[in-house]
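Residue strings, one per chain:
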Amino acid sequence: MKKLIGHLLALLILFSCAKEQPKVSWLKIETFQLEENLFAQNPQGELSHALTEAFVNMDGQYLGAFQLPIKIPIIGEGQHEIVILPGIINNGISDTKKRYPFVEPYTVSVNLLLEDTISITPITRYYAQTKFLIEDFENAVLKIETDGASQAIIEKENDPAVLQWGNSYGAILLNPTDSLFIGYTNFGQSLPKQGAEVYLEMDYMNTNSMLTSVLSYSSTTFNDDIHIQINPQEEPPVWKHIYLDLKEIVSFRMNATTNEQGFTALLDEAGTSKYIYIDNLKVVYY
């Protein structure tokens with residue numbers, strides 16, 4: 001009997017708690033759209049992106065960081081100002097999310113209704129003053145050089161089954177004979193230091209790993225700082241977009257007068273043929 005009374009009391013408590021749950025409004029945020037900034041001071045290149053994260057504020061209060069798309073319960077209703085800051089997976093590490101500093105926040109006023117869903121498709125643009133160093137494989141002369149010690153080369157291809165942007169993409173083909181690729185950009189630019197934000201972003205599709213690095217030159221020094229390894233994709237490989245944070249390395253090499261991006265790939269599996277495709281490579285900074 002005591003057990004039965006205990007169960008009944010537990011059910012009454014649960015029922016009471018359920019009744020006290022407040023009604024909510026729902027805010028659904030779709031994936032970001034990246035559009036051209038018509039006031040841009042520099043060519044922006046292809047507007048491919050992976051702005052998959054959102055840092056959300058409502059009426060000046062921080063609601064949290066979310067992977068898009070997301071449906072967020074909001075206690076309350078009525079008119080509210082929503083500010084959505086575009087975010088990225090930093091350095092390809094899924095647990096490391098960061099506000100991307102080169103694109104604008106999205107602000108919208110919404111009228112929330114209890115037990116109803118308001119959907120938002122946020123739009124963002126690169127800030128007008130953003131600078132870019134671009135290799136999109138659309139020009140006759142490549143901005144990525146193959147090192148003299150490299151066996152494989154990088155060259156333009158335009159296979160319709162692979163091509164997604166423009167007229168061509170960069171291809172590195174590895175096999176038992178050409179099993180090593182070493183290359184680097186030749187933009188000839190000094191990147192901002194003293195903690196300034198600098199990123200390398202690019203689209204890639206790969207069945208072989210590739211190691212990235214930052215090359216820093218001055219009249220008397222040369223440093224090749226290893227950065228991030230991009231692992232091979234599982235079958236079937238697809239185009240992905242990655243953001244590599246260069247700030248710490250570039251700022252550390254304070255005396256460098258030129259900073260370039262390095263790429264090294266060694267055939268992962270002996271006796272096989274692998275590939276690395278690259279497109280829309282951009283070094284982004286202010």
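Above: the structure in question.
Note that the structure is predicted; figures quoted are calculated from it, not measured. (Residues numbered from 1 in each chain as written. Predicted model: local features only at pLDDT ≥ 70, side-chain atom pairs only at ≥ 80, totals over all residues. Heavy atoms only, no water.)

**Describing the pairing of strand S15 (residues 180-185)**
Logical step 1: Inspection of the sheet shows strand S12 (residues 144-146) paired to S15 by 3 bridges, in the antiparallel sense. Bridging across to S15, Ile144 finds its partner in Thr185.
Logical step 2: Two strands pair when backbone bridges link them, and S15 and strand S20 (residues 258-266) are joined in this way by 5 bridges, in the antiparallel orientation. If you follow Ile182 over to S20, its bridge partner there is Thr264. (Pairing = 2+ DSSP bridges. Helix = DSSP H or I, 4+ residues; strand = E, 2+ residues; numbered from the N terminus.)

**Quick look at the side chain of Glu260**
Logical step 1: Looking at the element boundaries, Glu260 is found in strand S20.
Logical step 2: One buried charged residue, Glu260, remains without a salt bridge, the closest side chain of opposite sign being Lys143 at 8.6 Å.
Logical step 3: At 2.6 Å, the side chain of Glu260 and the side chain of Thr185 are in polar contact. (Buried < 20%, exposed > 50% of the residue type's maximum accessible area, 1.4 Å probe, protein only. Lys, Arg positive; Asp, Glu negative; His and termini not counted. Salt bridge = Lys/Arg side-chain N within 4 Å of Asp/Glu carboxyl O. Polar contact = N/O pair within 3.5 Å; in protein donor to acceptor, adjacent residues only side chain to side chain.)

**Regarding the environment of Leu211**
Logical step 1: When you line up the elements, Leu211 lands in strand S17 (residues 210-217).
Logical step 2: Overall, the relative accessible area of 25% leaves Leu211 in the partly exposed class.
Logical step 3: Taking the C-alpha atoms as reference points, Leu211 and Glu36, separated by 175 residues in sequence, lie 31 Å from one another.
Logical step 4: Filtering out sequence-adjacent residues up to four positions away, Leu211 remains in contact with Ile226, Ile228, Gln229, Gly262, Phe263 and Thr264. (Contact = heavy atoms within 4.5 Å.)

**Description of the nonpolar core**
Logical step 1: Within the largest apolar cluster, 32 residues are counted, with the highest numbers of intra-cluster contacts made by Phe181, Met202, Met210, Phe263, Ile278, Leu281 and Val283.
Logical step 2: Those elements that place two or more of their residues in this core are strand S14 (169-174), strand S16 (198-206), S17, strand S18 (222-230), strand S19 (240-245), helix H2 (247-252), S20 and strand S21 (274-285).
Logical step 3: Not counting the four nearest positions on each side in its chain, Leu281 is found in contact with Leu133, Ile134, Glu135, Ile144, Thr185, Phe187, Leu200, Glu201, Met202 and Phe263.
Logical step 4: Core analysis: the second largest hydrophobic core is formed by 28 residues, Ala50, Ile84, Val110 and Tyr199 among them. (Core = buried A, V, L, I, M, F, W, Y, C linked by side-chain atoms within 4.5 Å.)

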